[in-house]
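What follows is the residue order along each chain.
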Amino acid sequence: MSAVSDRLPTFPWDKLEPYKKTAAAHPDGIVDLSVGTPVDPVPELIQKALVDAADSPGYPTVWGTPALRDAITGWLERRLGAREVTHRHVLPIVGSKELVAWLPTQLGLGPGDKVAYPRLAYPTYEVGARLARADYEVYDDPRDLDPANLKLLWLNSPSNPTGKVLAKDELTGIVAWAREHGVLLVSDECYLELGWEADPVSVLHPDVNGGSYDGILAVHSLSKRSNLAGYRAAFVAGDPAVLGPLLEIRKHGGMMTSAPTQAAAVAALGDDEHVHVQRERYAARRTLLREALLHHGFRIEHSEASLYLWATRDESCWTTVSHLADLGILVAPGDFYGEAGKNFVRVAFTATDERVRTAAARLTR
């Protein structure tokens, strides 16, 4: 066991604990804008679907029910503009983080193979490479990478932590580059329905992939759009030649989504109204926090999509974290996402309306 855990970095959120205690000591309580966990209710139609499927004594299947696969393919065509998506093009997963962490291992990568991901990125991309004992490299533009031994290229648009969105022509060029060099491209698109000042596009869109899913996958989650982080409901879609072997591996590993969660996901993917309602909540919180941060002397970069504001006062991120903790506000230090984030903080707007208003008031006094 120690041989596996020794490959991993220190869990970053543990470093935030002293600042969390400081923020929690504020007389009016902590405003936690760090992790970005959903706080709003699970929509009733999704709860009902879960309850109605509660009497599920048998084992669920890894590939999911036909109804779930129909819901995924229908959503991909309706919301992302994908074309000719069949059940062979989709695979349910147990939340998107487990796929990110274990995909290099499940692809059979190891020493000498290389995984690449953005310079500012979700830490689990690196963790996945470490678990597989593969090499890893960061990039600003993946087309500048040396493709030798590059087996897995992660994209993340909209970005966590920056909220940056890759334009359609950028995505098209990157897909073409990856195919030219035989590199599997996996696009983490979990925030795609949360564009504010940009309209994010999926690699599954025919304008990007030329009508072919060869060599590409896209990862999607219901955690943010539908407040289902506690359900662990997500899926990956794209090249059947990659998903077929992954399905077999995951069958052996028992990586199955519970039957009630599968039923809930069908309901969530079939309804767009609750997504619009949640977007409006987030839009209002985003506007309030953005104005308050600017008033407090912050500069905000990118942040045109996702659930975060990428903010800086041109000082060490830990100095900023400490300053805000003294105000009872907890945020994520930018260096959690790479050295390039050392002067930034990531501010989530997933807290309740009351807590967001409280934070804004503290920032504008």
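Notes on the structure in this doc start here. (Residues numbered from 1 in each chain as written. Predicted model: local features only at pLDDT ≥ 70, side-chain atom pairs only at ≥ 80, totals over all residues. Heavy atoms only, no water.)

Examining the packing of helix α3 (residues 44-52) against helix α10 (residues 259-269)
Any two packed helices are characterised by the angle at which their axes cross and by the distance between the axes.
Right, on to step 1. Taken N-terminus to C-terminus, the directions of α3 and α10 make an angle of 150°; their axes are 7 Å apart at the nearest point. The orientation of α3 relative to α10 falls into the category roughly antiparallel. You can see that α3 and α10 cross each other, and the crossing is right-handed. Here Leu45, Ile46, Ala49 and Leu50 of α3 come into contact with α10, specifically with Pro260, Thr261, Ala263, Ala264, Ala267 and Ala268. (Axes fitted to C-alpha atoms, helices over the stretch in contact; angles between N-to-C directions. Helix = DSSP H or I, 4+ residues; strand = E, 2+ residues; numbered from the N terminus. Parallel < 35°, antiparallel > 145°, perpendicular 65-115°, else oblique. Left-handed = near helix turned anticlockwise from the far one by under 90°. Contact = heavy atoms within 4.5 Å.)

Details of the environment of Arg88
Right, on to step 1. Mapped onto the elements, Arg88 comes out in the loop between α4 (66-80) and β2 (90-93).
Right, on to step 2. Among the residues examined, Arg88 registers a relative accessible area of 54% and is labelled exposed.
Right, on to step 3. Spatially, the C-alpha atom of Arg88 lies 39 Å from that of Thr352, the residues being 264 residues apart in sequence.
Right, on to step 4. Apart from residues lying up to four places away in sequence, Arg88 is in contact with Trp63, Pro240 and Leu243. (Buried < 20%, exposed > 50% of the residue type's maximum accessible area, 1.4 Å probe, protein only.)

Thoughts on the nonpolar core
Right, on to step 1. Leu76, Leu153, Leu185, Val203, Leu204, Leu222 and Leu269 are the most contacted members of the largest nonpolar core, which totals 43 residues.
Right, on to step 2. Leave out the neighbours within four places in its chain, and Leu153 touches Ala116, Tyr139, Pro142, Leu145, Ile174, Trp177, Val183, Leu184, Leu185 and Val186.
Right, on to step 3. Listed in part, the 40 residues of the second largest apolar core include Leu16, Ala292, Ile300 and Val356. (Core = buried A, V, L, I, M, F, W, Y, C linked by side-chain atoms within 4.5 Å.)

Let's talk about the packing of helix α5 (residues 96-106) against helix α6 (residues 124-131)
Right, on to step 1. The contact between α5 and α6 brings their axes to 7 Å, and the two run at 35°. When the axes of α5 and α6 are compared, the crossing they make is right-handed. Only Thr124, Tyr125, Gly128, Ala129 and Leu131 of α6 make contact with α5, whose side of the interface consists of Lys97, Val100, Ala101, Trp102, Pro104 and Thr105.
Right, on to step 2. When the residues that make up the contact of α5 with α6 are grouped by side-chain class, the tally is seven nonpolar, three polar and one charged. (Nonpolar A, V, L, I, M, F, W, Y, C, P; charged D, E, K, R; others polar.)

A word on the sheet that holds strand β13 (residues 345-348)
Right, on to step 1. Pairing is antiparallel across the open sheet formed by four strands, whose spatial order is β9-β10-β13-β12. Edge positions in the open sheet fall to β9 (299-301) and β12 (332-333), since each of these has one partner strand only.
Right, on to step 2. Bridge analysis of β9 against strand β10 (residues 308-312) gives three bridges, and the strand direction is antiparallel. The partner of Arg299 across the bridge, within β10, is Thr312.
Right, on to step 3. Along the sheet face, helix α11 (residues 273-295) touches β9, β10 and β13 and points at about 5° away from the line of β10. (Pairing = 2+ DSSP bridges.)

Points about the pairing of strand β7 (residues 216-221)
Right, on to step 1. Among the six residues that make up β7, six are buried, leaving the element largely enclosed by the rest of the structure.
Right, on to step 2. By the alternation rule, side chains of β7 split into Ile216, Ala218 and His220 and Leu217, Val219 and Ser221, which are all buried.
Right, on to step 3. Here strand β6 (residues 184-188) pairs with β7 via four bridges, running parallel. Bridge pairing in β7 links Leu185 to Ile216.

Some details on the packing of aromatic side chains
Right, on to step 1. Taken as a whole and assessed by the stated rule, the structure comprises 14 aromatic pairs.
Right, on to step 2. Seen in terms of ring centroids, Trp75 and Phe235 are 5.8 Å apart; in terms of plane orientation they differ by 80°. Their pairing is edge-to-face. Of this pair, Trp75 sits in helix α4 while Phe235 sits in strand β8 (residues 234-238); the two residues are 160 residues apart in sequence, bridging distant segments of the chain. Across the pair, exposure class does not vary: Trp75 and Phe235 are buried alike.
Right, on to step 3. Each ring, one from Tyr122 and one from Tyr125, has its centre 5.7 Å from the other, and the planes form 80°; the classification is edge-to-face.
Right, on to step 4. Feature note: the residues Trp13, Tyr19, Trp310, Trp318, Phe336, Tyr337 and Phe344 constitute an aromatic cluster, connected by ring pairs.
Right, on to step 5. The ring of Trp63 carries the charged tip of Arg69 above its face, separated from the ring centre by 3.8 Å. (Phe/Tyr/Trp six-rings, centres within 6.5 Å; stacked < 30°, edge-to-face > 60°. Lys NZ or Arg CZ within 6 Å of the ring centre and 35° of its normal.)

With respect to unusual backbone geometry
A negative phi holds for most residues other than glycine; trans holds for most peptide bonds.
Right, on to step 1. Pro158 follows Ser157 through a cis peptide bond whose omega is -5°.
Right, on to step 2. Along the chain, Pro158 turns up in the loop between β5 (150-156) and α7 (168-180).
Right, on to step 3. Residue Asp314 is not a glycine yet carries a positive backbone phi of 55°.
Right, on to step 4. Assignment of secondary structure puts Asp314 in the loop between β10 and α12 (317-326).
Right, on to step 5. A relative accessible area of 53% places Asp314 in the exposed class.

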